[in-house]
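Residues per chain, in single letters:
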Amino acid sequence: MSNRPTGRSTGRPGPGRARLALALAALLGGGVLTALPAQAAPAAADGLSVQYRTSAGGATADQTEPWLKVRNTGSSPVQLSQVKVRYYFKADSPSDTYRFACSWAVRGCSVVTGTFGTLGNPTATADRYLEIGFTQAAGTLAPGADTGDLQLRFHRANWQTLRQSDDYSFNGAQTSYANWDKVTAQLAGATVWGAAPEGNDPTDPTDPTDPPGGGQSLFDDFDYSSHTDPAISAHGWNVRANSGGPGVPGATWDPSKVTFVSAGGNSVMNLETSTAGTGASTTHTEVLTRATKFRNGTYAARVKFSDAPKSGPDGDHLVQTFFTINDLKAPMADDYAEYDFEYLPNGGWGEPANILYTTSWETYNPEPWQAVNQHSEQRRSYAGWHDLVVTIDDSAITYYVDGQHFGTHDAQYLPERPMSINFNQWLIDLNGQTSTAPRAYDQQVDYVLHVKDQVLTPAQVAATVAGYRNAGTGFVDEVPAI
């Protein structure tokens, strides 16, 4: 087999073969994908009510803590994914951004979303709102039932003290649950509970929303404390710890080497890979979505590639990635899909020096090796931060790097099934550097974005990310389970 691409539709063996042997083991836990529960069909309903209490009743606080319960007051089941609840407040300064968190929820914080928006008609007590929503996994709410506790909180991004006594939806005296009409609830786009600040009906089509436009989206700016932060799992990520490939035999995947640091005023995810020249001393890192629910649309990430180690001798055959993937159900199965950005700072797979690949996979056979893919490449250094975008529609797969077109791949490589979103950093082999001196490499990720079924230009991606950040939205996942 060739160690380098041999044509438009047959590609290098390393990533497709080695990664699928084990990156998918991480995704699938060594098992087979099982069918996800079917989504319940929306049903008619005629009412909701919202109860509120606070566990932080002071005029000022480190964070605002609106605890909520949503009750179905109608006669038909309610699909919670059709419910939106808004809590209105006044920003502490016009430039402030905010961060949302779910401390605990009866149905699980993983099914609760929180995004911030700006009111079209600011008042003396409100110019922003926190909108609470639910994913498809939240299920339905029976007539007469409520969600149970939603113990929610939000804070200024800089953690400075905030004033809540002048917030429209705040009531410091309400320390036990009671109906509260200064929050609003929408069901399937219609307001069915509460009163918004004057001139700001949530259904008003001129009311700006956050994020600006777009379809169902996943956005994460990776604002976590460590790899053990429970919000990582709650937000649907898996920090890989299981053994196996791709990469150096005998290496481990070390979740403790996934850390979160500040860069350029943003929290970024850092993936560290290290070795001392043996398989046993080699650690790789990978972070991936547990759900395989992403197919057509736009995928984007801001990634920092490294040409040199942060310590120790250089020269290892390193792979730094951003990609989507699903499982190969059988050799040469035509419903397999994988779309890669892969940077090799020191070469590998027969390449003598740095190279960036984008590759769209149709299928492969692991033994004997046979690959069907299409790739684009640039042989130069990509050290530093780069905006990576890949779009998938019904006609093509298109890759962009830093706003510039990098490659377009043909319709035969389009995905037939949904995929996960992955980042990993690993060593192909130990042939590039034979030293036994310890060395370590970093790859960093600023954010990830997926917009379902919509093709965005790189400029639109940048505007969408800016919209989330300007509104203080650190995480949202509106993409339904498949």
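This structure is a prediction, so every number in the text was calculated from the model and none was measured.

About the thresholds
Residues numbered from 1 in each chain as written. Predicted model: local features only at pLDDT ≥ 70, side-chain atom pairs only at ≥ 80, totals over all residues. Heavy atoms only, no water. Phe/Tyr/Trp six-rings, centres within 6.5 Å; stacked < 30°, edge-to-face > 60°. Helix = DSSP H or I, 4+ residues; strand = E, 2+ residues; numbered from the N terminus. Buried < 20%, exposed > 50% of the residue type's maximum accessible area, 1.4 Å probe, protein only. Pairing = 2+ DSSP bridges. pLDDT = per-residue confidence, 0-100. Contact = heavy atoms within 4.5 Å. Polar contact = N/O pair within 3.5 Å; in protein donor to acceptor, adjacent residues only side chain to side chain. Core = buried A, V, L, I, M, F, W, Y, C linked by side-chain atoms within 4.5 Å. Disulfide = S-S within 2.5 Å.

As enumerated under the stated definition, the model contains 26 aromatic pairs in all. With centroids separated by 5.9 Å and ring planes inclined at 90°, the aromatic side chains of Tyr88 and Tyr168 adopt a geometry described as edge-to-face. Placement of the pair is Tyr88 in strand S5 (residues 83–89) and Tyr168 in the loop between strand S11 (162–163) and strand S12 (178–179), with a sequence separation of 80 residues. The exposure class assigned to Tyr88 is buried, which follows from its relative accessible area of 0%. Relative accessible area serves as the criterion here: at 15%, Tyr168 is assigned to the buried category. Judged by centre distance (5.4 Å) and plane angle (40°), the rings of Tyr364 and Trp369 are tilted. Each member of the pair, Tyr364 together with Trp369, is buried. Members of the aromatic cluster, joined through ring pairs, are Tyr52, Tyr87, Phe89, Tyr98, Phe116, Phe154 and Trp180.

Counting buried positions along strand S26 (residues 384–392) gives seven out of nine residues, so the element sits mostly inside the fold. In this structure, strand S21 (residues 297–305) lies alongside S26, joined through nine bridges in antiparallel fashion. Note on S26: the bridge partner recorded for Ala301 is Leu388. Note: S26 against strand S27 (residues 397–401), five bridges, orientation antiparallel. Bridging from a neighbouring strand, Ile392 pairs with Ile397 of S27. If you look at the hairpin formed by S26 and S27, you'll find four residues sitting between the two strands.

Looking at the chain, the pLDDT average stands at 87 and 88% of residues meet or exceed 70. For the stretch residues 1–45, pLDDT sits under 50, and the model shows 123 contacts to residues farther than four places along the chain or on other chains. Across residues 205–214 the pLDDT falls below 50, and counting only partners more than four positions away or on other chains, this stretch makes 24 contacts in the model.

Glancing now at the environment of Thr140. Note on placement: Thr140 falls in strand S9 (residues 140–141). Along the primary structure Thr140 and Leu80 are separated by 60 residues, whereas in three dimensions their C-alpha atoms are 5.5 Å apart.

On the secondary structure map, Ala411 appears in the loop between strand S28 (404–409) and strand S29 (420–427). For the pair Ala411 and Ile397, spaced 14 residues apart in sequence, the C-alpha separation works out to 7.3 Å.

Within the secondary structure, Arg417 is located in the loop between S28 and S29. What makes Arg417 buried here is its relative accessible area of 15%. Here the side chain of Arg417 touches Asp327 through a polar contact of 2.6 Å, landing on its backbone oxygen.

Ranked by internal contacts, the top residues of the largest apolar core, which has 39 residues, are Phe222, Trp237, Met269, Tyr299, Phe322, Ile397 and Phe423. Element by element, the count of residues in this core is highest for S21, at four residues. Contact partners of Phe322, with chain neighbours within four places excluded, come to Tyr299, Ala300, Ala301, Tyr339, Asp340, Phe341, Leu388, Ile421, Asn422, Phe423 and Val448. Counting 34 residues, the second-largest nonpolar core is a separate cluster that includes Leu48, Tyr52, Val83 and Phe89.

Take unusual backbone geometry next. Note the cis peptide between Gly245 and Pro246, where omega equals 10°. You can see Pro246 is positioned in the loop between strand S16 (237–239) and strand S17 (252–253). Cis rather than trans, the peptide bond between Glu367 and Pro368 has omega equal to -5°.

Turning our eyes to something else, we now look at the sheet that holds strand S6 (residues 98–105). Spatially, the five strands line up as an open sheet ordered S6-S10-S3-S1-S12, and their pairing is antiparallel. Strands with a single pairing partner mark the edges of an open sheet, and in this sheet they are S6 and S12. Bridge analysis of strand S1 (residues 48–54) against strand S3 (residues 66–72) gives seven bridges, and the strand direction is antiparallel. Looking at S3, one finds that Thr54 is bridged to Pro66.

Tallied over the full model, the rule gives one disulfide. Each disulfide pairs two cysteine sulfurs, and for Cys102 the partner residue is Cys109, the sulfurs being separated by 2.1 Å. The disulfide joining Cys102 to Cys109 has a torsion of about -70° about its S-S bond and is therefore left-handed. Owing to a relative accessible area of 16%, Cys109 belongs among the buried residues under this scheme.

Most of strand S10 (residues 150–156) is tucked away: six of the seven residues are buried. Relative to S10, S3 runs antiparallel, the two sharing two bridges. Each residue of the ladder has a partner; that of Leu68, found in S10, is Leu150. Note: S6 against S10, seven bridges, orientation antiparallel. For Tyr98, the partnering residue across the bridge sits in S10 and is Arg156.

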